[in-house]
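Single-letter residue listing:
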Amino acid sequence: MLFRSLNGHSKRVNFETALKKGLAEDGGLFFPEQISPLNKDFINNLEKYSNIDIAYEVIKQFIGDSINETDLKEILSNTIDFDFPLINLENNVYSLELFHGPTLAFKDVGARFMANCLGYFNKNEDKTNTVLVATSGDTGAAVANGFFKVKGTNVIILYPKNKVSEIQERQLTTNGNNITALRVQGSFDDCQKMVKNAFVDKELNNKFNLTSANSINVARWLPQAFYYFYAIKKLKKNNLVFSVPSGNFGNICAGLIAMKLGLPIDHFIASTNVNDTIPRYFKSQVISPKRTIQTISNAMDVSNPSNFVRIQEMFKNFEDLSSSLSSYSFNDDQTLKAVIKIYEDKKYIMDPHGAIGYLGLKKYLINNPKKIGVFLETAHPIKFSKHIENSINVKLEIPQTINKILSKKKTYIDIENYSDFKSKMLNMDFN
Ligand SMILES: *Cc1c(COP(=O)(O)O)cnc(C)c1O
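Source: prediction; values computed, not measured.

Trainee: Got a minute to help me understand the sheet that holds strand β4 (residues 93-97) in this structure?
Mentor: Paired through their backbone hydrogen bonds, the strands of a sheet run either parallel or antiparallel. Read from one edge to the other, the open sheet built from six strands follows the order β3-β4-β12-β9-β10-β11, with strand pairing classed as mixed. Looking at which strands have only one partner, the edges of the open sheet turn out to be β3 (86-90) and β11 (325-329). Neighbour-to-neighbour, the strand axes of this sheet turn through a mean angle of 25°, independent of strand direction. Across five bridges, the pairing between β4 and strand β12 (residues 372-377) is parallel. Residue Val93 lies in a different strand from β12, and its bridge partner there is Gly373.

Structure (structure tokens):
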């Protein structure tokens, strides 16, 4: 299987090239040229397979012959060595906890997979790859952790100044070694735009082998399909719907890939905060991003979600898309009320992103009461402790991984705009 560009003007490439390039030469996102459904027997018997074997079956057609079976399984076992608990919260409502990896948000799986693959491809090369990544809070930490000391890689993280939580900022800025943090004057969308511009900038490309580690990169995005298989392995039920707290729409797009692979899922709900470009699209059929608004679910403060074009690609037309996907938005007030209610009723502590997933699910279940719903709990509440502790009046226990970085000094470079970014990049010397 090869990847083609969604802009349609670049040649098709294999997994290794799609990973290293990030974006196609015509600026389009890479997309699998075909998606072959998996064996029914496998899908009906997921409980008989280990998480690594499931991951292997799900990803192998996309990797093709870029990595052999033994090495791919080893990469997967380095990627997935933690659990994905499924918690029954209410009658037909489950929370799938995706935050038990090293940086306490769901992005660890994609970031570690990509880092391990790139390390594998670079094993016998002297070339250095420069990994560029824009973050709204959690991606940068996962990428920094995954790529820390990976041979032949330097990582540059762009994050929006004053728009990430204190713990998130520490995770981005206390790594050292091959990780550099850039603190950008602007929003996540501004950071993402700089990364996209860098990829088509001749001077930067002459000096660096640029690779993107955002969910536009197929190596970060596709492994997220595993989560949906793990949930169904545990749940073994029909009539399932998934509510995915969505920002750049990578995770939910991977869920839709899981469905195309044959996983029995009835419907998806893309739950967003007030950055509601996609919920508005479902009403008007027009995509018209507004200025990004800062919220307490900051990893979803995205107004121009990159992966939505991939989602549109999977469906024939708007009706077809609407039959598999709905989208709702919620504000901070509704988010915190949900956190408080679930804490009072169930003693379960949601983070703001998971709470938005929960709200989207509940809204969908009103008109579809027979469905069984899973919302993805995408981050550990400690990452947003200020808001959570204030609303439920409980002191959260600080996990050890976080305790270690709280006393470390933050190191970053301030960036004003693209030309500032470019000149500072051109002055960097990694040798
Ligand atoms: C990144 C992130 C999201 C949004 O995921 P997308 O794939 O960008 O839609 C949701 N919740 C948390 C905690 C995140 O870090």
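Resuming the write-up.
Trainee: Looking at this structure, I do not really get the side chain of Glu97. What am I missing?
Mentor: Within the element layout of this structure, Glu97 appears in strand β4. For the buried Glu97, no salt bridge is present, and the opposite-charge side chain at shortest range is Lys234, 9.0 Å distant. In terms of polar contacts, Glu97 uses its side chain to reach the side chain of His100, at 2.7 Å. The residues touching Glu97, leaving out its near neighbours within four places in the chain, are Asp83, Phe84, Pro85, Ile87, Tyr348 and Glu377.

Trainee: Which parts of the structure should I look at to understand the sheet that holds strand β13 (residues 413-415)?
Mentor: Spatial strand order, β8-β5-β6-β7-β13: five strands in an open sheet with parallel pairing. Both edges of this open sheet fall to β8 (209-212) and β13, since each of them pairs with a single strand only. Ignoring which end each strand starts from, the neighbouring axes of this sheet average 30° apart. In terms of strand pairing, strand β6 (residues 153-160) meets strand β7 (residues 179-184) through six bridges, oriented parallel. Bridge pairing in β7 places Pro160 opposite Val184. Packing against the sheet, helix α8 (residues 188-199) makes contact with β5 (129-134), β6, β7, β8 and β13, and its axis sits at approximately 150° to β5.

Reading guide: rules and limits
- Residues numbered from 1 in each chain as written.
- Predicted model: local features only at pLDDT ≥ 70, side-chain atom pairs only at ≥ 80, totals over all residues.
- Heavy atoms only, no water.
- Pairing = 2+ DSSP bridges.
- Helix = DSSP H or I, 4+ residues; strand = E, 2+ residues; numbered from the N terminus.
- Axes fitted to C-alpha atoms, helices over the stretch in contact; angles between N-to-C directions.
- Buried < 20%, exposed > 50% of the residue type's maximum accessible area, 1.4 Å probe, protein only.
- Lys, Arg positive; Asp, Glu negative; His and termini not counted.
- Salt bridge = Lys/Arg side-chain N within 4 Å of Asp/Glu carboxyl O.
- Polar contact = N/O pair within 3.5 Å; in protein donor to acceptor, adjacent residues only side chain to side chain.
- Contact = heavy atoms within 4.5 Å.

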